[in-house]
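Structural overview for review
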Amino acid sequence: MPELRVSATVRERGLCVDLVVDEGERVAVIGPNGAGKSSLIQLISGALMPDRGVVEWRGRRLSSPRRGVPIHRRRFAYLEQRPLLFTHLTVLGNVAYGPRARGESRADAERRAMAELEAVGMADAANWRPGRLSGGQAQRVALARALAVDPELMLVDEPFPALDAAVAPELRDVLRTRLAGRTVVMATHDLLDVLSLATRVVVLDGGSVAADGDPGEVFASPPNQFVADFTGLNLLRGIAVDEGTLEVGQIRLTGMGELTVGHAGRAAIPPEAIGIYLTAPQGSPRNVMPARVVGVESRGRRAVVAVDVAGQRLRAEITTDAVADLGLRPEQAVFASVKAMQVRLFG
């Protein structure tokens with residue numbers, strides 16, 4: 001029996017999801033804005049009720065259209081973008097609040113709170129008021145507060161966007177350590193969160209599950225343009241003319257993978273694998289695609305060159321020296337080239 005089962009619809013949010021989560025899985029939920037990530041987290045927490053279907057935890061029904069277990073009676077913890085610490089309590093008081101609310105003595109609650117603060121590196125701030133904390137420190141305290149109640153399930157909703165880029169990696173490492181072995185459902189828009197924190201990724205699109213599986217497998221074969229953009233891959237669509245060849249417009253693209261002849265297929269290509277040339281390159285087996293420059297964006301010593309290939313957008317990452325040598329400009333005719341072994345083909 002799975003720990004968590006969500007089979008529910010919320011019409012107002014456009015959410016219609018079937019999802020099961022096993023014990024110890026850390027599931028990252030990704031998708032474009034409005035796809036339903038936060039709505040799914042709220043549905044599991046009890047802040048949102050379904051119009052149809054159920055939310056179950058270990059076989060126990062938590063939510064249905066007619067009734068639901070109140071949020072405070074679900075042994076779940078919710079970590080979101082805003083720490084939402086109580087300003088009138090000390091850091092220790094904030095973390096001890098949950099155990100105290102569940103009936104522990106003050107002494108036991110404060111011992112547990114101090115242990116959690118030590119685990120996230122905030123024991124020295126135990127007597128501070130939240131107003132003294134930086135954003136990263138406040139989020140550490142929020143994590144300690146969430147874990148102090150021994151939650152059966154951790155719900156995490158976009159925990160890092162408000163933090164400085166230098167702080168997020170350190171906090172991500174703390175989160176990875178403290179969430180190890182726990183069942184987690186996490187909504188995020190950051191690829192690093194998925195790769196460093198999750199054992200599984202669920203892609204939401206239009207309120208429904210578009211893909212679900214191991215992050216490496218899902219990202220290697222992006223189910224839609226959002227996932228391709230999320231991982232930085234190019235995604236070209238076409239028709240399979242044989243098991244290893246995709247026809248994109250008038251261009252035939254060979255690669256690794258198996259296609260079903262006569263059916264729609266896709267090709268995933270890393271931007272750094274693509275070369276840009278003024279004349280068609282010769283030599284080792286490769287795909288050569290006539291293209292038209294759409295734009296050039298400098299990124300330090302590297303540049304992203306956007307080109308149009310048979311009516312589809314392709315991004316190539318090359319050096320700024322190469323851009324200068326080629327004299328690239330919008331509307332210029334060029335050739336985009338990539339080795340077949342760098343192209344991942346799938347249906």
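What comes next concerns the included structure. Throughout this description, residue numbers start from 1 for each chain and increase along the sequence as written. Reporting in this predicted model follows two pLDDT cut-offs: at least 70 for local features of residues, and 80 or more for side-chain atom pairs to be given and counted; totals over whole chains, interfaces and linings ignore these cut-offs and use all residues. Side-chain measures were taken over the full set of non-hydrogen atoms in the model, leaving aside hydrogen atoms and water.

Points about the nonpolar core
Rule in force here: Think of a nonpolar core as a cluster: buried Ala, Val, Leu, Ile, Met, Phe, Trp, Tyr and Cys residues, connected wherever their side-chain atoms sit within 4.5 Å. Any residue under 20% of the maximum accessible area for its type is buried, any over 50% is exposed, and the rest in between are partly exposed; the area is computed with a 1.4 Å probe on protein chains only. By definition, any uninterrupted DSSP run of H or I lasting at least four residues is a helix, any uninterrupted run of E lasting at least two residues is a strand, and each is numbered from the N terminus. It only takes one pair of heavy atoms within 4.5 Å for two residues to be counted as in contact.
With 45 residues, the main nonpolar core has Leu117, Leu133, Val141, Leu143, Met154, Val194 and Phe219 as its most contacted residues. Take this core: its biggest share by element is seven residues, from helix α4 (residues 135–147). Not counting the four nearest positions on each side in its chain, Val141 is found in contact with Leu85, Val91, Val95, Leu117, Met122 and Leu133. Among the nonpolar cores identified, the runner-up in size contains 30 residues, and Ile251, Ala291, Val334 and Val338 belong to it.

Things to note about the side chain of Arg172
The condition is simple: Whenever two N or O atoms come within 3.5 Å, that pair is a polar contact, provided that in protein one can donate a hydrogen and the other can accept it, and provided that, for residues adjacent in sequence, both atoms are side-chain atoms.
On the secondary structure map, Arg172 appears in helix α5 (residues 168–179). A relative accessible area of 7% places Arg172 in the buried class. Within the local environment of Arg172, its side chain forms a polar contact with the side chain of Asp193, the two groups lying 2.7 Å apart. With near-sequence residues (within four places) excluded, Arg172 lies in contact with Phe160, Asp190, Leu192, Asp193, Ser196 and Leu197.

A short note on the pattern of salt bridges
In plain terms, the rule: We define a salt bridge as a contact between a side-chain nitrogen of Lys or Arg and a carboxyl oxygen of Asp or Glu at a distance within 4 Å.
Summed over all chains, the structure comprises 21 salt bridges. A salt bridge links Arg315 to Asp229; the nearest nitrogen and oxygen atoms lie 3.6 Å apart. Highlighted residues: Arg315 in strand β18 (residues 312–319) and Asp229 in helix α8 (residues 225–231), separated in sequence by 86 residues. A relative accessible area of 25% places Arg315 in the partly exposed class. For Glu247, the salt bridge is made with Arg252, and the minimal N-O distance between the two is 3.4 Å. For Arg252, a relative accessible area of 53% translates into the label exposed. Ionic contacts of the salt-bridge type, sharing partners, join the residues Arg112, Glu116, Asp150 and Arg178 into one network.

Focus: the pairing of strand β11 (residues 234–242)
We count it as follows: The pairing criterion is simple: DSSP has to find at least two bridges between the two strands.
One ladder, built from six bridges, connects β11 with strand β14 (residues 264–269); its direction is antiparallel. From the neighbouring strand, Leu235 faces β14, where its bridge partner is Ala268. In terms of strand pairing, β11 meets strand β12 (residues 245–248) through three bridges, oriented antiparallel. In the sheet register, Asp242 faces β12, and the bridge partner there is Thr245. The hairpin turn running from β11 into β12, its antiparallel successor, is two residues long.

Describing unusual backbone geometry
Unusually for a residue other than glycine, Arg58 sits at a positive phi of about 50°. Its location among the elements puts Arg58 in the loop between β4 (52–57) and β5 (60–63). With relative accessibility at 43%, the residue Arg58 sits in the partly exposed group.

Regarding the sheet that holds strand β8 (residues 184–187)
This is how the line gets drawn: Each axis is a line fitted through C-alpha atoms, and for a helix only the stretch in contact is used; angles between axes span 0 to 180 degrees, taken between their N-to-C directions.
Strand order in the open sheet formed by six strands is β6-β7-β8-β3-β9-β10, with mixed pairing between adjacent strands. The open sheet is flanked by β6 (76–80) and β10 (208–213), the only strands paired with a single partner. Strand after strand, the sheet turns through a mean of 20° between neighbouring axes, direction not considered. Pairing between strand β3 (residues 26–30) and strand β9 (residues 200–205): four bridges, direction parallel. In the strand pairing of β9, Ile30 is matched with Val203. Lying on the sheet, helix α1 (residues 37–45) is in contact with β3, β6, β7 (153–157), β8 and β9; it crosses β7 at an angle near 150°. In the packing of α4 onto the sheet, contacts are made with β6 and β7, and the angle to β6 comes to roughly 170°.

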